[in-house]
Amino acid sequence: MSPSWRATVGGIVALFLWSTLALLSTLAGPVPPFQLVSMAFALATLIAVGLWLWRRQPPMVVLRQPPGAWLLGVGGLFGYHFFYFLALRLAPPVEANLLNYLWPLLIVLFSAFLPGQRFRLRHLAGAVAGLGGAALLITGGGDASFSGRYVPGYAAAVVCGVIWAGYSVLNRRYKDVPSDAVGGFCGATALLALVFHLMFEETVYPVGWQWLAVALLGLGPVGAAFFVWDGACKHGDIRALGTLAYGVPLVSNGLLILAGRGHLSWQLAVAAALIIGGAILGAGDLMHRRRRKGPADAPASS
């Protein structure tokens, strides 16, 4: 398996982990959003530090990265969550989520400016089809009623999408920064989220099994996902991942249905067709390239 293919598979794992975010967040109970982010990122940081020590990596060596990498890492992780929660406060959640989900499409567009990347219309077509499927899931088949009084919230949602797409694509500039450094970015994000929690929220502690949901958040969608996504953005097929990202709301809805917190509908079926069709369009050349390189990558028989 080539390094690029391995990194891309890691990105797909990150997308799957993010699809569990909605279910785990509902299971975590009424914990305020910034408090939940702080708790989950703090756990991810502790696990990262534990791995550094186990591998005998001095933490200060791992954290000694260029200022630009720190600005991009913390700005991406915390900036995304800050503007996402701000958008949900200032605009209806359906419209805010719809605008937020511009980020996979923006990844496909932004990646055209990366060295060695060729932009093809099928990548754009796949991303647009995926956006249509995501919109159908988010709106439930109804119309999104955009109102002028929610413009600040809409703007925050767009900024949120731009931040995550920019973070994902610009990470390519820091290929030499190890993904282990994401542990430091998670720690800074946890501290910033704690500050905003103390400023704007009332502390609510999880009870019983809710603690398990918080722990799983820190292990998965708000933990391991960011580490493997970092490697995927630096070494994987970023255009394919941008198109495949629209599978997140689809899988998320499927998990909610399996957990008895959602129901099957015609919107889900049509959305699945759009998202899967878009993925075939936008990421099909990934499989084609894999098949083409497969025989050449196989070890020669003696």
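Everything numeric in this text was worked out from a predicted model, so none of it was measured.

Scoring rules and cut-offs
Residues numbered from 1 in each chain as written. Predicted model: local features only at pLDDT ≥ 70, side-chain atom pairs only at ≥ 80, totals over all residues. Heavy atoms only, no water. Helix = DSSP H or I, 4+ residues; strand = E, 2+ residues; numbered from the N terminus. Polar contact = N/O pair within 3.5 Å; in protein donor to acceptor, adjacent residues only side chain to side chain. Contact = heavy atoms within 4.5 Å. Buried < 20%, exposed > 50% of the residue type's maximum accessible area, 1.4 Å probe, protein only. Core = buried A, V, L, I, M, F, W, Y, C linked by side-chain atoms within 4.5 Å.

Draft legend 1. Quick look at the side chain of glutamine 65. By the secondary structure assignment, glutamine 65 is in the loop between helix 4 (59–63) and helix 5 (67–90). Of the polar contacts made by the side chain of glutamine 65, one reaches the backbone oxygen of valine 62; its length is 2.7 Å. Residues in contact with glutamine 65, not counting those within four places in the same chain, are Trp70, Val177, Pro178 and Ala181.

Draft legend 2. Summary view of helix 6 (residues 93–100). The buried count for helix 6 comes to six of eight residues, which makes it a mostly enclosed element. Among all positions of helix 6, only Glu95, Ala96, Asn97, Leu98, Leu99 and Asn100 are buried. In this structure, the buried side of helix 6 is in contact with helix 5, helix 7 (103–110), helix 8 (121–139) and helix 9 (151–170).

Draft legend 3. Examining helix 7 more closely. Among the eight residues that make up helix 7, six are buried, leaving the element largely enclosed by the rest of the structure. Among all positions in helix 7, only Trp103, Pro104, Leu105, Leu106, Ile107 and Val108 are buried. The inward-facing, buried residues of helix 7 contact helix 1 (3–19), helix 6, helix 8, helix 9, helix 11 (210–235) and helix 12 (238–244).

Draft legend 4. Structural view of the nonpolar core. Judged by nonpolar contacts, the single largest core of 73 residues is most densely connected at Trp18, Trp103, Trp164 and Trp229. With 10 residues, the top contributor of residues to this core is helix 11. Residue contacts for tryptophan 18: discarding those within four places in its chain leaves Trp164, Pro221, Ala225, Phe226, Trp229 and Val248. With seven residues, the next largest nonpolar core counts Ala87, Ala91, Leu99 and Tyr154 among its residues.

Draft legend 5. Expanded view of the environment of glycine 166. Mapped onto the secondary structure, glycine 166 falls in helix 9. On a C-alpha basis, the gap between glycine 166 and leucine 72 in space is 8.9 Å, while along the polypeptide they are 94 residues apart.

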